[in-house]
Every structure is written in structure tokens, then in C-alpha cells.
Amino acid sequence: MITIEGLRKHYGEIKAVDGIVLEIYDGEIFGLLGPNGAGKTTMISMISGVLRPDSGRITFDGLNIWVEPKKVKRNLGVVPQEIAVYEDLTAKDNLEFWGSLHGLRGPELKRSVHEALERVGLEDRAKDRVKAFSGGMKRRLNLCMGLLHRPKYLLLDEPTVGIDPQARLAILDIVREVAAAGTTVLYTTHYMEEAQELCDRIAIIDHGQILTIGTLEALTRQSGESEVLKVVGNFDEASANQRLSGLSGLRLIRVEAGTVLAGIDAKGPGLLEILPKVLGSGLSIDDLSIQKPNLQSVFISLTGRELRD
Amino acid sequence: MANILKIAIHDLRITLRDRSAVMWMFFLPIVFATFFGLVLGGPSGTNPVDGTVALTILDLDGSTLSSALIEELKDDRFGLTFQEALEAKASDTVRTLVIPEDFEASVTAGVQTTLRLEKEPGTSAEAALVAQARIVRSVTRLIAGLIMTELSEAEEESAIDVILGEPASPFQSEKSGKNGAVPESKTSNFLKSSRKARVSAESYSPYVAQGNPKPDDEISKKGRFRTGTSPLVSIDTTWAGERPRPPSGFSQSIPGNATMFVLLVTLTYGAASITTERQSGLLRRLLTSPVSPREIVGGKILGRFVISGLQVSVLVGFAALAGIWVDLDLGGNLLLMWAVLLVYGACVAPLGVALGAWFRDRDRAANIGVMATMAMAAFGGCWWPLEVVSQPLQKFAMLFPTTWVMRALHGLISFGHGWKVISPFVGVLVLFGIAFTALAMRSLRVE
Amino acid sequence: MAALIIVVRDLKRMVRNPVRTALLFALPLMLAGIFALVFGRGATEEITIRVLVYDEDQGLISRLLGGAGASPDMDRRLDLVPVGAEGFEIMERGEASALIHFPAGFTQSYLDGEPVVIPIVKNPAERFLPQVVEEGGRIGAEVLSQGSRVFRTELATIGSMTTNSTFPSDLAVGSVASGVNHKLESLERWVFPPVINLETTTVTPEITNEGEGGGTSILGFFLPGLSMMGILFLAQSATRDILHDRESGLVKHLLTAPVSPADYIFGKCLSVLVVSTLGFFFLVVFGIAVGVDWGPAATTVALVLAASLAASGALILISSLVGTERQADALSTIVIMVWCLIGGAFVPISQFPDFLRPLAKTTPVFWAVDGFQEAMQQGADIAAVSTNLLVLGGAGVIFLVLGAAALRRRMAGGLI
């Protein structure tokens, strides 16, 4: 189990990570979802022993990574957001170097390299220089380098950034396989769909703080709303507030000139009753959309912002 | 330690995959050392085989006295060429001795006249100095001849004439040859006779003609200082150290270029590799493996050392192999030279790592590396011997490891010294190495 | 039009990256600065020659000679250190340029008219200063030898006086004094001052002109070669973009705009040429700012244009022959360094061994440096450097045409 207590990292006034407490259970895929700049990479850096926290404690099965780094890191695989591979070397060279740093040698190293390449579908490109690889292939190799030594814990920092959907699906499949084999996975992403599809539990992070933690089902239920309504039109903030705030069963999440986000209360009158009231409120409405409850709506209801903001 | 070694060998592997690095490590140092070895083999206009110095004569006087001076110059191992007119300078002229129009008239009248030695810009100062000194010697002999003429005209009759049965001086030769004739002047008397007298003097004494007298009999001893071509006082030069022969151009170019290119590769590729790995996130990724930050920095430093070690080994090996066919003249102790360069490689390795830590951009780090190398090579005596620079700059040079490795290498190559004599210089290199390592450890924070 | 847009884009990139651009010029400027610092007029005056004098003879002549270097005008440059036999060990440690040894019996042998040898031990780690000492010694030996010719009778008498156990008679001393006096009178018009004087000059306007700052002449001498090296590296950096654009996919992107391959290649060639020429003019202006006289302005401008054309053409040709940025870097660096070496950018051609001199003329560096030096030293007009201009311009055009054709072919073949 990975236990994080009171983790904090400030850069002057900026609170990159601000008092995070978290437990990640053995064998689960734990998702850390948040927009860019939420503090996910800072958190992964501290958990993986790269960036020293200002305060807090990170333990892997009771071993503090900042006290006994080598012991912990032997069982730790990290896949960074950047493609951190040696482009001048072949895929096999890269893996052999990485494997040897993790203590693999001789036939065991060879076997691990072979298996890892096979797992990510790069066995026929093993002897090619990495700089000749496509973006998706480099991403797969990047992932492969974290899996090579069959770690007990795998930390992935936005491993699918900038690749095509097919390559993304391949990477997600690999992560599922690894988790199924018993590896504990911490997966950070700002893609809501990835977190929904992949993760057993999800923490939503913003401004260095965890806003909520739970399974997908629990999170959507926890928001207390059945749908999220988005109204776009030609109106100002004051008139929108004035005309919509009194409607029962509607909770205004964010009101701006031209845009209103509002939650439909699951226990309220229901969408069919509320919609005519909104349309008849006198606001000049151009577009109206309804979202089923998902991580996006959860995020919106928690922060008032969409995830892509 | 195992991790440090793994990282170091890995760095070597990456460097050897880079063709341009290989070129800078092995090919260019050999090209540069060969080129400068050849250039330094003999100073400008000096033929290294027979030591003649190129000199163009522009004789604006065209007098008997100027011809006599030219004859004296021929004795001083000049490769003489002649320029007919002021504007007719040949393109390959190295330096020109201008004999002024009034040369003979002024000298005859006892009025000072000035010969002008015009050096072409950029030609060897060393050869110019040799030329200058040889001209002064020729002039000294010419003046001595004039004085002897004056004295002999007045009253001196040498008893040695009788012993030799030969003229005591060129002037006396003229006198006896033209018995009873009244010379126009003392000077012209000398002038007319000088060439003839020289021939007779040379035919009289073979030692004189060879310029290498053997004092084996009284007559030749006494005759020598009378002919004007053989020195009574001579200089015998030897070189300090245990070398049987003087150092060649390669004894400067090989240590100089080895020192410069080891530094160049260490600073540019060392710095560039650190910045690249940091930019690509590889350094951070290394930290996620069971390797401590100290091991990473140590591995990086060791990596630069392994690379410079390989470079040094290949360069020294090449010099040893080339020495089988070509006379490279490296003092015979290649093993010690190799060891000194290895210590130097270890000394500058952390500097490459520190430089990489100070810059975020690969090209910028490499550019600064090139400039730092050039400055240290120039001030440290890799491009020219340090003795030709001013005292303040010589003191300034002590701040650079290049100065100390060059001292050690000169001790080995130029002097033929052993380990004991050069060990203080190597000690200074070790101190530099310790300081640079501390700097690298402090500068490269992997976190 | 598209070509001009590409030129403007490349220039903008240089302006937006001032540090990167400055670093491109920094190397030739720094090297020129070092040369000026080390070999500038003021700097060389401070060189001191340390000479050990081991006077085993302790006779009249050896003491006179040992102190000769202590005259006021020599004092600043010559550091004469009296030593004993330990001087040889000091020489072994390389702590002096030379050791002059007056052996026991030196003075007596000289007075007796017997051949004497002065051994000089030289420092093998130094090339220049031991030579100075040796040549100085040889002049001294010549003067002594000739002195012996002139004063033979008197010297022989003095020699016999010093070996006799009895004091010389007044008559003998008087005879010697009278002989010496008489000869000195005759000598006076030849020797005091010497009737033939030697003056050494360097054929460089800056050196003969007074009033310039120290180091100007040497800077002026090296600046053309170093500038040429700088411009070759600048052209290398500019041509690197062609391959970089290709590797980053920018060429493909550009070709989706209404830009033909010919437009692109013309634009890049023009861009390299403009960048190189501007760079060269910058270095010329720098030279003028620090007091370098480049000679007639028209000649300088013509040479800058021709040399920039040659440098751009050469580098474009190289980049058209290779596949990747790295290959181009490796190949062009070799070409630049070898050209600079054998073209006389670092070492004057006059110092080359004979077999290397014809090779120099195969490089554009030689023709550029030679042309600039003609202009600087002789004030050559355009006609006087027409051969240089023709060679540089001709080579530049040929390189450029070949390079552009090769790039075009590679583009057509999908390699760019």
C-alpha cells in the first residue's frame, strides 16, 4: 500500500501540493485526475523520490521513500510525462541500461527486455535507434522502461499525452494487464475518459489539493445531481442570476455573461419540469445542453470549471 | 560503485554512437597535431635541415661595400634571394634587408648608415631574430675588416704574415697584390680585395672553410683569427634534460593538441550531454531508479573520465604507432605521458559536468564549452610556448589546469624527465580535480 | 516573394534569440581578443628572459661578459642570475631559458689567442627565448673574436703579463696602453657609434603608425582569418536550419502553402547568404571599432561580399550532400577546421612547410585572408585583389548552384 500523509510542496506563494493525504491500495489502479497545473506532476515527482517535499510522509508498505530510497525504488516503476529515452540508442540498449540499474543482469535481463518489448509490441524494432520511432512507439518504449523490472508499484504521469487514439488504447490495455498481474498503479491524467475507463478509484485534484476521492460511481452519486445544464446565450451575468437563481431544483454552479452552468438536483422536480422554466425565464438563449453525471460534471460541480479549462 | 560504473559506461556508449563526437575525439586532434607539428618543425623561412634563413636583399647602393656585405651574409647561412627594385617584391618574400643608397659613401665617410630589415607581417619572430643576429654578426665582421684595413694602412704589420707566408688580412692581400699601387681609399682597397682574400684564406685553411676548426697546430690556431671567417670564441649549445637531441615541432604540437582536444570534448560533449538529459527528463528518470543522486553525478563524472581516457589512449597509441614510421620525438616515455593525460582527463571531467549543470540549452552549453576550451588552451600554453607571453599572463595561466598538464608533458617530452620531477605538476592537477568535483557536485542537483 | 519571406523569418529568429546569435560571433571575437592580449604591442614588451650565468672562470673577460646584460636598456627584458654548478639542476627543472657557462681558464685562453668555447645550455621546453640567448651569445662571440683580431698584440702582451710571476715593467704596461689607445682612436669612427646600424621593422601600416592602442596591429593581422572562420561557422549554423526544418517537418508544412520547392531553396540560400554577409559586416565594424584599418572601403566591401558568397555556397553544398543535421555538422566542421588550418586563418602561410603552401590556395579561406591582408597592408584597390574576388565569387557561385541543384533533387525525391 502507498500511504501519503500531509504532503506539501510550495514554490513561494504558489502551493503546488498542499497537504495531501491519500492511501492507494495494493493491486488497484488509482487515478489522479485534474487539469494541467493542478499539481499532479509535482505529486508524482515527490512520490517517486525525485522531488523532496517540504513536509509530509510517503511510504510504500511502510518504507519511507525518502528514508530508504533504494529499497523502495527497486520495487518502483515510473513512467514520466516526457519521453525520457536515449534517442541515439536502440530500444534494446535503452532497456538493457534501465534493467541493469534495477539490478537485472545476464539471462534475466535478456528475458525481461524481450518480454517487455513483446508486451508493448516493439520486439521487431528492438535494434532500431529510437530517434527513428514514431511518437506512439516512443511512448510505448517510455512505458516499457517503467515495466521492465516488473515493479510492485507503477507510477504513470500522463503517459498518453500527444499520441493517436489507437496508441492510447494500446497503452491503456498494457496498464490493465499490469494491474491484473498484481501491480499497484497510480495513474495521473487530465483526460476524464481515461480515468473513467481505467481506474478503480479516482482522486480529483485542483490547486494542489484533493477535492474528492472515490470510485466513479461514488463520485457521481456524491455530487447529488442527476444532470448538469449548460445554457449559452446573449445575456449578462446579473440578469442570468436574477432570472435563474430562484428556480427550484436548479443549483447554479457558474454564472458568467453568456454562459450558465447549473446542476439539476437529483431529489428535485426533475429535468422535464425545470427545462421549460429555464426557457421561459426571459433570457435570450442560443444553445442549451444537458450532460449526464460523469467526472466532468463532478469536476464542474466541485470547481465551477470544466476540466479542460 | 556498480551504478556509477554502469552510468559511466552507458555515457561512453552514447558518445561513441555520435559521429561528430568521434571526429572531435580522434580525427581532428590527429589532423591538428600533424599540421602544427609540421608548421612548428622549422620557423618561418628557416630550412630545418640545414638551418638556412630566408633573406631577400634589396641593394639600393650596388656598391663594392654592399657586395662585400652580401658576401659576409653568405657566410652566415642565409638563403639569399635578390630583389631588383623597390617595387618588385616577390610574393614569397619573408623578410628583406634593405641596403640604403648611400651605404658605401656614408660608411667611407664614417657617417652612420642604417640597414633596414623589413619583416613581412605574421612571419616567424623566431626566424627573424636569427636573421637579425646573423646580420649583426656579418656587419661586425665587415666593420672589423674595415678597422683592420685602417690599422694596417697606418702601421701594423703582422709577424704572423711571415709565419704563414700568406696575407695576414684581406686588406694586406690587396696591398701585397698591388705592390706599389696607391689605393683610392682604405675602404675601397679593402673592398676590392675582400673576395679574393677570402678565397685565399679558405684555401689556406680547411678548418676555416668548414667553420669548425680543430686546434691541432699552432699555425692554424693563429691563422684562424686573422682570416675574419673563423671564430676564436665559439658557442656550443646543448639542451637541458635527459634528451639526446633538441625537441621537434611535434614535441609542442602533440601535447598542446592532446590537452586542448581532451578539454574540448569533455567540456562540449560533457556539458551538452548533461543539458540534453536534463531537458529530456532522463536525469529525473534516473532518480526514480535505485540510484542515489550522488551516484548519478559520480557516474556522469566518471563517464566523462572514461571518454577522455579512451580518447587519450587512442591518441597516445596513435602517436606510438606513428612513431614507428615517423620520427615523432616524444621523449620515449609514452606510458608516463599517457598516465599524465589520464590524470588531466580525470581533473577536467567534473568541469564538463558542472558546465552542463549551469546551462539549460544544449547549444549554449556547447558554445560556452568551446570558448572556455579555447581560452584555457591559449592561456595554458597549448597554442604557443608560455615563455613568449608576458609575466602577468604567465601568472594568470597558473589558474588553469592546462598550464600544469603542459608543464608535466614538457617535463616528459622536452626534458625526458621521469615521474619524480613532474609529480608536483600532477599534484596540482589532482587539486584542480578535487575542486572541480566539488563544484560539479554542488552545481548538478538532479532533484 | 516567398523567398524574401523566408529570409525575413530567418533574420527574425536571429533577432529573437540574441544570446544564441551573440554566441555565434563570440568565438572569433574572443580569439582575436586573446591574440591581441598575448601578442599586442604592450604585452610582448613585458617578456623577461631569465638567463643563468655560471662563471667558473671568474676572470676579467667572463665577468665583463656576465654583466653585459645588466645594461639599462637590457635590464627590463633580461634577468641574469649568477649561479654555481647548481645552475645545471635549475635548468633541469626548466626554471630558466638558458645557462651560459664560462669555463675555468676562459679569460686566459682568450688572451693567449687560443680557441675558446662558451657552452650554453638551453631549455628544451621553450622554443623562442633560448634562441634569443643563443643568438645573443653568438654575437658576443663574434665581437670577441673580431676584437681579438684587432687587439691581438695587446691581448697577447696582457696574457703574458698575467701568467708571469713577476710584475710587468712600466714600459710594458705603457706600451700596451699606448697601443690600445692608438687603436681605439682609429676605431672611433667605425665603432663609436657603429658606422652600420640595423633597424628592424614589420611591413604593417598599424605598426609603423604611432598613436594606435596596443594590440591593434596583431588584432588587425588575425582578424581577417578569424572572421572568415566565424563566417563559415555562421553559414554552418544558417544551413543547419535547412536540415532542421526537414527533420522537424517544417519543410513539408511550408510546401503546403503556396511555396514551390524552388522558392524554398532560393529563400534558404538567400537567407544563408544574407546572414553570412551581415555577420561579416558586423565583424568588420567590430574591427573598425577597436582600431583595425581594413584598408580601402570598396575593397573591403567587395571582399566581404565575395567571401560571404563562398562561405554560404560551400556550406549549402555540404548540407545538400548529407542526410541529417548531425552528419552535416560533422562533415562541415571538418571542412571548416581543415580550411582554416591550411588556409592560414590560424597560422600565416609564410610559416607553413613548403609542401603545404600550394594546398592553402585550394581553400576560400586563403583567398579571403590574402585579399584582406593586401587591402590592409598595401591599401590594395579592387583591381589589385581581383584574382581573390574572382576565385571567391566564382567558387561561391559554383558551390551555390551545385548545392541548390542537389537540394532540389533531394526534395523532388522526397528526401527533404
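Note that the structure is predicted; figures quoted are calculated from it, not measured.

The rules behind the values
Each residue is numbered by its place in its chain's sequence as written, counting from 1. A letter from A marks each chain and a number from 1 marks each ligand, given out in the order of writing. Only residues with pLDDT of at least 70 get local features here, since the model is predicted, and only at 80 or more are side-chain atom pairs given and counted; chain-wide, interface and lining totals rely on the full set of residues. Helix and strand definitions follow DSSP, with helices as H or I runs of at least four residues and strands as E runs of at least two, each counted in order from the N terminus. For the purpose of contact definition, each residue receives a C-beta atom placed from its backbone, and two residues are in contact when these atoms lie within 7 Å. As a rule, the C-alpha atoms of each element are fitted with a line to give its axis, helices using only the stretch in contact, and angles between N-to-C directions run from 0 to 180 degrees. When an angle is under 35 degrees it counts as roughly parallel; over 145 it counts as roughly antiparallel; between 65 and 115 it counts as roughly perpendicular; any other value is oblique. Each crossing gets its hand from how the near helix is turned against the far one by less than a right angle, where anticlockwise is left-handed and clockwise is right-handed. Gly falls in the polar group here, along with every residue not listed as nonpolar (Ala, Val, Leu, Ile, Met, Phe, Trp, Tyr, Cys, Pro) or charged (Asp, Glu, Lys, Arg). Segmentation into domains, and thus their bounds, comes from an automatic or database assignment. Two strands qualify as a pair provided DSSP detects at least 2 bridges between them. Note on burial: count the other C-beta atoms lying within 10 Å of the residue's C-beta; 20 or more is buried, 12 or fewer is exposed, in between is partly exposed, and C-beta positions come from the backbone.

Describing the overall build of chain A
A tally of regular secondary structure across chain A gives 11 helices and 14 strands. Principal-axis analysis of the C-alpha atoms places the extent of chain A at approximately 75 × 40 × 35 Å. Within chain A, residue pairs in contact and separated by at least 24 positions form 68% of the contacts whose partners lie at least 6 positions apart.

Side note on the packing of helix H15 (residues 297-321) of chain C against helix H19 (residues 386-412) of chain C
Residues and elements named next belong to chain C. Where H15 contacts H19, the two axes come as close as 7 Å, and the packing angle between them is 30°. What the angle tells us is that H15 and H19 run roughly parallel. Crossing handedness for the pair H15 and H19: left-handed. A breakdown of the residues in the contact of H15 with H19 according to their chemical character gives 20 nonpolar, 7 polar and 1 charged.

Notes on the domain arrangement of chain A
Per the domain assignment, the segments making up chain A are domain 1 (2-215) and domain 2 (224-292). When each unit is reduced to the centre of its C-alpha atoms, the spacing between domain 1 of chain A and domain 2 of chain A is 40 Å.

Here's the deal with the sheet that holds strand E4 (residues 55-60) of chain A
Pairing is antiparallel in the open sheet, where 4 strands are placed in the order E2-E1-E4-E5 (chain A). One side of each edge strand has no neighbouring strand; the edge strands of this open sheet are strand E2 (14-24) and strand E5 (63-64) of chain A.

Looking at the pairing of strand E1 (residues 49-55) of chain C
All names here are of chain C. In terms of residue burial, E1 counts as a mostly covered element, since 6 of its 7 residues are buried. Both E1 and strand E2 (residues 78-83) contribute to a ladder of 6 bridges, which runs parallel. Paired with Arg-50 across the bridge in E2 is Asp-79. Two elements, E1 and strand E3 (residues 98-102), share 5 bridges in a ladder whose sense is parallel.

Considerations on the sheet that holds strand E8 (residues 184-189) of chain A
Residue and element names in this part refer to chain A. Taken together, the 6 strands give an open sheet; going across it, the order is E6-E7-E8-E3-E9-E10, and neighbouring strands pair in mixed fashion. For this open sheet the edge positions go to strand E6 (76-79) and strand E10 (209-214), each flanked by a neighbour on one side alone. Strand-to-strand, the axes of this sheet are offset by a mean angle of 15°, without reference to chain direction. In this structure, strand E9 (residues 201-206) lies alongside E10, joined through 5 bridges in antiparallel fashion. By the bridge assignment for E10, Ile-202 is matched with Gly-214. Sheet strands touched by helix H5 (residues 135-147): E6 and strand E7 (153-157). Its angle to E6, the strand with the most contacts, is close to 165°.

Let's talk about the interface of chain B and chain C
Residue-level contacts link 89 residues of chain B with 86 residues of chain C. Elements represented by at least two residues in the side of chain B that touches chain C include exactly helix H2 (19-40), strand E4 (113-119), helix H5 (125-154), helix H10 (218-227), strand E5 (233-239), helix H15 (362-379), helix H16 (391-397) and helix H17 (401-413) of chain B. In terms of residue count, the dominant contributor to the side of chain B that touches chain C is H5 of chain B (20 residues). Class assignment of the residues belonging to the side of chain B that touches chain C gives a composition of 48 nonpolar, 24 polar and 17 charged. Sheet topology note: the E4 of chain B/strand E5 (residues 196-202) of chain C ladder contains 7 bridges and is parallel. Within the sheet, the bridge partner assigned to Glu-118 of chain B lies in E5 of chain C and is Thr-201 of chain C.

So, unusual backbone geometry
At Arg-150 of chain A, a position not held by glycine, the phi torsion is positive, near 45°. Summarising the element assignment, Arg-150 of chain A is placed in the loop between H5 and E7.

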